Each structure stands twice: as C-alpha cells, then as structure tokens.
Amino acid sequence: MKENSLVIFQGNEVRRKWFNEEWWFSVVDIIKVLTESADPRNYWKVLKHRLIEEGSEVVTKCNQLKLPASDGKYYETDCANTETIFRLIQSIPSKNAEPFKLWLAQVGYER
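It should be emphasised that the depicted structure is a prediction, and the values quoted were computed from it without experimental measurement.

Asker: Give me helix 2 (residues 40-54): which residues, what numbers.
Answerer: Here helix 2 is 15 residues long and its end C-alpha atoms lie 21 Å apart, about the 21 Å a rise of 1.5 Å per residue gives. Looking only at helix 2, the buried set comprises P40, W44, L47 and L51. All buried residues of helix 2 project into a common sector of 70° when viewed along the axis, lining one side. Within helix 2, the exposed residues directed more than 90 degrees away from the buried face are K45, V46, I52 and E53. Its buried side turned inward, helix 2 meets helix 1 (27-35), strand 5 (74-81) and helix 3 (82-89). Positive phi shows up at G55, right after helix 2, with a value of about 85°.

Asker: Any chance you could break down the pairing of strand 5 for me, citing the residues and the numbers?
Answerer: Where strand 3 (residues 22-26) meets strand 5, 3 bridges bridge the pair, whose relative direction is antiparallel. Opposite S26, over in strand 5, you have C79 as the bridge partner. With 6 bridges connecting them, strand 4 (residues 63-68) and strand 5 associate as antiparallel partners. Looking at strand 5, one finds that P68 is bridged to Y74. Hairpin geometry of strand 4 and strand 5 is characterised by an intervening segment of 5 residues between the two adjacent antiparallel strands and by a positive phi of about 90° at G72.

Procedures and definitions
- Residues numbered from 1 in each chain as written.
- Predicted model: local features only at pLDDT ≥ 70, side-chain atom pairs only at ≥ 80, totals over all residues.
- Heavy atoms only, no water.
- Helix = DSSP H or I, 4+ residues; strand = E, 2+ residues; numbered from the N terminus.
- Expected span 1.5 Å × (residues − 1).
- Buried < 20%, exposed > 50% of the residue type's maximum accessible area, 1.4 Å probe, protein only.
- Arc of directions from axis to C-beta.
- Contact = heavy atoms within 4.5 Å.
- Pairing = 2+ DSSP bridges.

Printed below as a string of structure tokens:
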C-alpha cells in the first residue's frame, strides 16, 4: 500500500495520506469538490475562522501533513480523517454532499 494516494470523485482529484493507521484527506481538495469554488484555499480559510469562532472541534482535529502539490513538491496541507471530514461536510451547503459521503465511506475505509 502506498503512503500517499490519489483518489478521484466525479473527475476531481482528492489527495490522501495513510497516517495513524487510517486515511487522512486534503481538506482543500474536499472543499473544492463540495463547493466547486474557484479558490478553495480561501473558502477553507474563511470557513476555518468561522468554525473556530463557533467553537467547533473540526478545525482542531485537522493535522498538517505533507502532500504532493501540482509542482511535484511536498507541502504541509490541512488534512482530516474520515470522521472529521463527515463533520466538515455538515458545515458546507452542497449538492454534492450526499454522493460525496457515500464515496468517502467507500474510499475512507479501504486499506
């Protein structure tokens, strides 16, 4: 099994990394899938701030893990495990939420 892996949801790449005996997914990649935002990094920045103000534990359960970027280099990236991603999805209004949850349940538990 590869430590880093790329999975595809409806034509969108989602980076993930095997960490602490489970898959951790790039939060920015998931936000891009759910919101179809042109700037998912900014969307995450604003959402993260709002969640912190609300006292949500979602942000504190994210870890910065090194994932490959489009330039081939590895950068610290906010990542979350499957359970935390499910909580994050609840904070984002999206028509893709239900199909994404089903997909995540499948790929999140693959070994």
